[in-house]
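Survey of secondary and tertiary structure
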Amino acid sequence: MCTILAIGKGIWESQEGSAFAAFLPPPDGNNPPFSAFLTFWSYVIILNTVVPISLYVSVEIIRLGNSYYIDWDRMMYHAPTNTPAQARTTTLNEELGQIKYIFSDKTGTLTQNIMTFNKCSINGKSYGDLLDFAGHSIEITEKTAKVDFSWNHLADPKFSFHDPSLVEAVRQGSKEAQNFFRLLALCHTVMPEELNDGGINYQAQSPDEGALVTAARNFGFVFRARTPESITAVEMGEEITYDLLAVLDFNNVRKRMSVIVRSPEGKLTLYCKGADTLIFERLHPSCSKLMEVTTEHLNEYAGEGLRTLALAYKELDEDYFNSWKKRHHEASTAMEDRDEKLDAIYEEIEKDLQLLGASAVEDKLQDGVPQTIEQLSKADIKIWVLTGDKQETAENIGYSCNMLREEMKEVFIVAGNTREEVAEELRTARKKMKPDSSDEPPFHKSGFLGKKSEVVEDETVESEYGLVINGHSLAFALQEDLQLEFLRMACMCTAVICCRVTPLQKAQVVELVKKRKKAVTLAIGDGANDVSMIKAAHIGVGISGQEGMQAVLSSDYSFAQFRYLQRLLLVHGRWSYLRMCKFLRYFFYKNFTFTFVHFWYGFFCGFSAQTVYDEWFITLYNLVYTALPVLGMALFDQDVDHRWSFRCPELYTPGQLNLYFSKRAFLRCMMHSCYSSLILFFIPYAAIHGTVRDDGKDIADYQSFALLAQTCLLVAVNMQLGLDTTYWTAVNQFFLWGSMSVYFAVTFTMYSNGMFLIFTSTFPFVGVARNSLNQPNVWLTILLTSILCVLPVLAYRFLYMQLRPTINDKVRYKVRQDKGPPPDAPRRFRPRRISTRRSGYAFSHSRGYGDLVTSGRFLLRPMKSRTALFSRSASSGLTLSEESPQIFRPIAEEPIA
């Protein structure tokens, strides 16, 4: 613009400048090139408002205000821990409305890492559901009455159960029910800890095993103490000590564990619990009918996302056990193939079992996690879970929180042990999802010549798929030559779960998506192992949970529950993005329109770099007249309220595509400003040209034209602001009308006789306001220019809304039709699913604890004196004294080789 005006100055000087040289001669004669050079820099000063310096100040104020909204939001306040949401930065609010990928930890983020005994099936009868008189299931809520365990003084007061029929069965002497809980009290590797108040604290290697032992404790079968050779339990108030003869330990292949105990009556029993598919294979043929009923119950429990176990037992013959024990000793002391020999021995005795039933444990998710993930998925946000847990655990949680669903066409499991296996699994999965996909990834084309960039484009697939990959395979997938294949395949899937990953691998996955996908990423976690992931993402969110504050201190935003994430993104993030985009479009519009009028005026003032407005108006335009109205819109505007934002999460998708402020939107803004500036200059120019006042005096002077042009400009931009504002508040009204009032008050004051007499050179526009603004044709001109400025905008928006309505237009139309808050979404019960992947026992258990229990390495006796505790035997060396106290306590966990 400066160059065009400078060239015009040179041409004008060479053709018309000589006519002015008679009474305004230049010092060194007429030199058009030099005049054009000076004019160029003069217009650089005049047109500098194209670069809106005040924009930066306004942006920071808006970001600060939107950050306070997050801090003040009571719906993101967690009362039990007295933890409000906290915006730890003010520069990323609008990016919260553009998230495409969320990377989440599992334990402590999605789950509470708390297991609760939920339901069970005993001898073909299911317990745990409450039924009404018609036999229909009643939903259990916090207000539902709990079972009274006051009859059991050793019961855990924190334990809750709602079905009283199970307690009645146990207390009335049901043999199967008592045997069920006896198994739970004996078959485990839990360690008891006696508390000072007489209570018991269980130290379990896995939370689900601790939940089962706690359930047995409340139903009258209290695991009290153990030694390497015995287990002491209190059964219905009677203390009984069982001899622990053998522990058939768990491993990843067996997916079950067994114990062999001898009761005080001398009866030998094997108790076994494990994955139902493996237990059912080893049942006695007489259990076939019971197995069918129990299988139905297991399918029902699995459909509710519960972690299940099958329980069975077997009475043993003394002679058979003695011969088996000898073979077991030989296998356990073998120097070669010890594990294989032990497995064979275990298989030999774990046959012809009698089925007792099944247990169902709930891995308690945080409140609202499934609903939150469902909402975010509807907003087209892809969620990847990066966890250090086992594959089965992560997969189970994936189903529980609605990430993985049975209706998915396929869930791919990538578990290759070599680079070639991983590459083949990834390639095969990609071909299944999209058979016509090319081997070369589709890169995003950008730049003036359409060159390919490093950004990988999204590839659409027809059905929904899931991906589960373990850490060992992920290490190969993240290698330079495989990472694009992994990224393509993973991005085709609806849900991605990476298990057994290290903190470094978490950060590498986030970095890969950041580098290769044109998308904004968010990472959320609660522990120190999530810090690298949180720092790697565009936005980091920390959950202040039970694992300290490291994640919070490294994050940009923090709160107490995962469910608050949907409000952070779908409400605060979307509103912040919408407000910032509206603000930027309007700010550029008002500044460009203001500046372009100078450009057109240059062709009528001999390119002399004369300003078209009063100097005071130029100073106060961005500082006073238009500062507060646009801030009011950018701080308070909403397209729909927070309830509709939750009801229609699809409103979030325009932010991911950056539709509200892009290069195309900026170009439209410039064209709109150019049109408005033409109207705002030429309509007042034509209206005032050769015009006289109603008393015959002339008003066609520069000062009157400047006043008319700047008044038309201010009215037009304020009308445009009114069109852009969706949500009117008292503050918006006050700022808008207040700014107009301030303009007229300041104008009449500065153009008064008093200001002219006091500061003659500073306020030369004396009397212009009262002489011009009392003319009807001036107000008619203001009205005409304002209408012409907004008329194309109204026409464009009306036609666009009728022909190509956006999701935002559709929702706003529905809001106007309903004339009230949205109806509550119907409560949808999770559909029951039939799955062979049910047992949670193998998911959180570790091999080796059985040997540790029987070795005695984890037990210490309180030593009053060494001589009293130990006695020396000639045959066996040091032995435990018979007088030594039988009180044991666990020490810190010992690492297992």
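See the structure above.
Residues numbered from 1 in each chain as written. Predicted model: local features only at pLDDT ≥ 70, side-chain atom pairs only at ≥ 80, totals over all residues. Heavy atoms only, no water.

**Observations regarding the overall build of the chain**
Spelled out, the test is: Helix and strand assignments follow DSSP, with helices taken as H or I runs no shorter than four residues and strands as E runs no shorter than two, numbered in order from the N terminus. Residue burial is assigned from relative accessible area. The probe radius is 1.4 Å, only protein chains are included, and a residue is buried under 20% of its type maximum, exposed over 50%, and partly exposed in between. Contacts are residue-level and defined by heavy atoms, with any inter-residue pair within 4.5 Å sufficient.
Summing up its helical and strand segments, the chain has 34 helices and 28 strands in all. In the chain, which comprises 897 residues, the proportion classed as buried is 52%. Across the chain, contacts joining residues at least 24 apart in sequence account for 74% of those joining residues at least 6 apart.

**Focus on the packing of helix 21 (residues 615-625) against helix 27 (residues 730-750)**
This is how the line gets drawn: Axis geometry follows a simple rule: fit a line to the C-alpha atoms, using only the stretch in contact for helices, then measure angles between N-to-C directions, giving values from 0 to 180 degrees. Put simply, angles under 35 degrees are roughly parallel, angles over 145 are roughly antiparallel, angles from 65 to 115 are roughly perpendicular, and the rest are oblique. By convention the crossing between two helices is left-handed if the near helix lies anticlockwise of the far one by an angle smaller than a right angle, and right-handed if it lies clockwise. Each residue is assigned to one class: nonpolar for Ala, Val, Leu, Ile, Met, Phe, Trp, Tyr, Cys and Pro, charged for Asp, Glu, Lys and Arg, and polar for all the others, Gly among them.
With their axes 11 Å apart at the nearest point, helix 21 and helix 27 run at an angle of 155 degrees to one another. Between helix 21 and helix 27, the interaxial angle falls into the category roughly antiparallel. Classified by chirality, the crossing of helix 27 by helix 21 is right-handed. Between helix 21, through Trp-616, Phe-617, Leu-620, Val-624 and Tyr-625, and helix 27, the contact on the second element is made entirely by Ser-739, Val-742, Tyr-743, Val-746 and Met-750. When its residues are assigned to classes, the contact of helix 21 with helix 27 shows nine nonpolar, one polar and no charged.

**Examining the packing of aromatic side chains**
Our working rule: The aromatic pairing rule takes the rings of Phe, Tyr and Trp, using the six-membered ring of Trp, and pairs them if the centres are within 6.5 Å, calling planes under 30 degrees apart stacked, those over 60 edge-to-face and the rest tilted. To sit over a ring, a charge needs its Lys NZ or Arg CZ within 6 Å of the ring centre and within 35 degrees of the ring normal.
Taken as a whole and judged by the stated rule, the model has 52 aromatic pairs. For the ring pair Phe-321 and Trp-324, a centre distance of 6.0 Å and an interplane angle of 25 degrees mean the geometry is stacked. Within this pair, Phe-321 and its partner Trp-324 are both found in helix 10 (residues 318-332), separated by three residues, close to a single helical turn. We classify Phe-321 as buried; its relative accessible area is 2%. Under the relative-accessibility criterion, Trp-324 is labelled buried at 0%. In this structure an aromatic cluster arises from ring pairing among Phe-594, Tyr-613, Phe-617, Tyr-621, Tyr-625, Tyr-743, Phe-744 and Trp-779. Looking at Lys-590, its charged tip hangs above the ring of Phe-587, at a distance of 4.1 Å from the centre.

**Details of unusual backbone geometry**
A positive phi angle, close to 50 degrees, is found at Met-236, a residue other than glycine. Relative to the assigned elements, Met-236 resides in the loop between strand 10 (230-235) and strand 11 (238-248). One non-glycine residue, Asp-337, lies in the positive phi region at around 50 degrees. You can call Asp-337 exposed: its relative accessible area is 51%.

**Brief notes about a nonpolar patch on the surface**
What counts is decided by this rule: Two distance rules govern patches: like charges are joined within 9 Å, and nonpolar side chains (Val, Leu, Ile, Met, Phe, Trp, Tyr) within 5 Å, applied only to residues with over 30% relative accessible area and no salt bridge. Here the Shrake-Rupley method, with its probe set to 1.4 Å, supplies the accessible areas, and only the displayed protein chains count as covering residues. Salt-bridge detection follows one rule: a side-chain nitrogen of Lys or Arg within 4 Å of a carboxyl oxygen of Asp or Glu.
A cluster of nonpolar side chains, contributed by Ile-4, Phe-603, Phe-604, Leu-678, Phe-682 and Tyr-685, occupies part of the molecular surface with about 500 Å² of accessible area. It is helix 25 (residues 663-688) that provides the largest number of residues to the nonpolar patch, a total of three residues. Assignment of secondary structure puts Tyr-685 in helix 25. Tyr-685 sits in the partly exposed class, given a relative accessible area of 30%.

**Points about the nonpolar core**
Stated formally: Nonpolar cores were defined as sets of buried Ala, Val, Leu, Ile, Met, Phe, Trp, Tyr and Cys residues, with membership established by side-chain atoms within 4.5 Å.
Grouped together as the largest cluster of nonpolar side chains are 72 residues, with contacts concentrated most on Tyr-43, Phe-583, Tyr-613, Phe-617 and Leu-713. When residues of this core are assigned to their parent elements, the largest contribution, 17 residues, is made by helix 20 (residues 564-602). The residues touching Phe-617, leaving out its near neighbours within four places in the chain, are Phe-594, Tyr-625, Gln-710, Leu-713 and Tyr-743. The next biggest cluster of nonpolar side chains, apart from the first, holds 51 residues, and it includes Ala-177, Leu-212, Phe-219 and Val-222.

**Some points on the side chain of Asn-732**
Inclusion rule: Identification of polar contacts relies on pairs of N or O atoms within 3.5 Å, with a donor-acceptor requirement for protein atoms, meaning one able to donate a hydrogen and the other able to accept it, and with residues adjacent in sequence counted only if both atoms are side-chain atoms.
Inspection of the secondary structure puts Asn-732 in helix 27. Reaching out from Asn-732, the side chain makes a polar contact with the side chain of Thr-729 at a distance of 2.4 Å.

**Some points on the side chain of Lys-100**
The residue Lys-100 is located in strand 2 (residues 99-104) in this model. With a relative accessible area of 13%, Lys-100 lands in the buried category. When sequence neighbours within four positions are dropped, the list of residues in contact with Lys-100 reads Asp-380, Ile-381, Lys-382, Ala-519, Val-520 and Gln-656.

**So, the pairing of strand 16 (residues 382-386)**
What counts is decided by this rule: For two strands to be treated as a pair, DSSP must find at least two bridges joining them.
Within strand 16, five of the five residues are buried, leaving the element largely enclosed by the surrounding structure. Both faces of strand 16 are covered, namely the face carrying Lys-382, Trp-384 and Leu-386 and the face carrying Ile-383 and Val-385. In terms of strand pairing, strand 2 meets strand 16 through four bridges, oriented parallel. For Ile-102, the partnering residue across the bridge sits in strand 16 and is Ile-383. Here four bridges tie strand 16 to strand 21 (residues 495-499), and the two strands are oriented parallel to one another. From the neighbouring strand, Trp-384 faces strand 21, where its bridge partner is Val-496.

**Remarks on the packing of helix 12 (residues 369-378) against helix 20**
Following both chains from N to C, one finds helix 12 and helix 20 inclined at 25 degrees, their axes separated by 9 Å at the closest point. Between helix 12 and helix 20, the crossing angle belongs to the class labelled roughly parallel. The two elements helix 12 and helix 20 meet at a crossing, and its hand is left-handed. Counting all contacts with helix 12, which are made through Thr-372, Gln-375 and Leu-376, the residues of helix 20 involved are Leu-565, Gln-566, Leu-569 and Leu-570.

**Description of the pairing of strand 9 (residues 221-227)**
Sheet faces and side chains relate simply in a regular strand, where the side chains alternate between the two faces. Within strand 9, five of the seven residues are buried, which leaves the element mostly enclosed by the surrounding structure. Note: strand 9 against strand 10, six bridges, orientation antiparallel. Looking across to strand 10, one finds that Val-222 is bridged to Val-234. Count of turn residues in the strand 9/strand 10 antiparallel hairpin: two residues.

**Here's the deal with the pattern of salt bridges**
Summed over all chains, the structure comprises 30 salt bridges. Among the salt bridges present, the one from Glu-94 reaches Arg-63, with a minimum N-O distance of 2.5 Å. With Glu-94 in the loop between strand 1 (86-87) and strand 2 and Arg-63 in helix 4 (residues 54-72), this pair connects stretches of sequence that are 31 residues apart. For Glu-94, a relative accessible area of 10% gives the class buried. A salt bridge links Lys-100 to Asp-380; the nearest nitrogen and oxygen atoms lie 2.8 Å apart. One end of the pair, Lys-100, is in strand 2; the other, Asp-380, is in the loop between helix 12 and strand 16, with 280 residues separating them in the sequence. Through salt bridges with shared partners, one network takes in Arg-256, Glu-281, Arg-282, Glu-347 and Glu-350.

**With respect to helix 1 (residues 2-15)**
Given 3.6 residues to a turn, an α-helix orients residues that are three or four positions apart in the same direction. Selection rule: Given the number of residues in a helix, its expected span is that number minus one, multiplied by 1.5 Å.
The terminal C-alpha atoms of helix 1, which comprises 14 residues, lie 20 Å apart, in line with the 20 Å expected from a rise of 1.5 Å per residue. Taken residue by residue, helix 1 has Cys-2, Leu-5, Ala-6, Gly-8, Lys-9, Gly-10 and Glu-13 as its buried positions.

**Some thoughts on helix 11 (residues 338-349)**
Keep this limit in mind: Relevant arc is that of directions from the helix axis to the C-beta atoms, nothing else.
With 12 residues, helix 11 extends 17 Å from end C-alpha to end C-alpha; this agrees with the ideal 16 Å at 1.5 Å per step. Those residues of helix 11 lying buried are Leu-342, Ile-345, Tyr-346 and Ile-349. Within helix 11, the buried residues cover an arc of 100 degrees as seen down the axis, which keeps them to one side. Buried-residue contacts for helix 11 involve strand 11, strand 12 (256-262), strand 13 (268-274), strand 14 (307-316) and helix 10.

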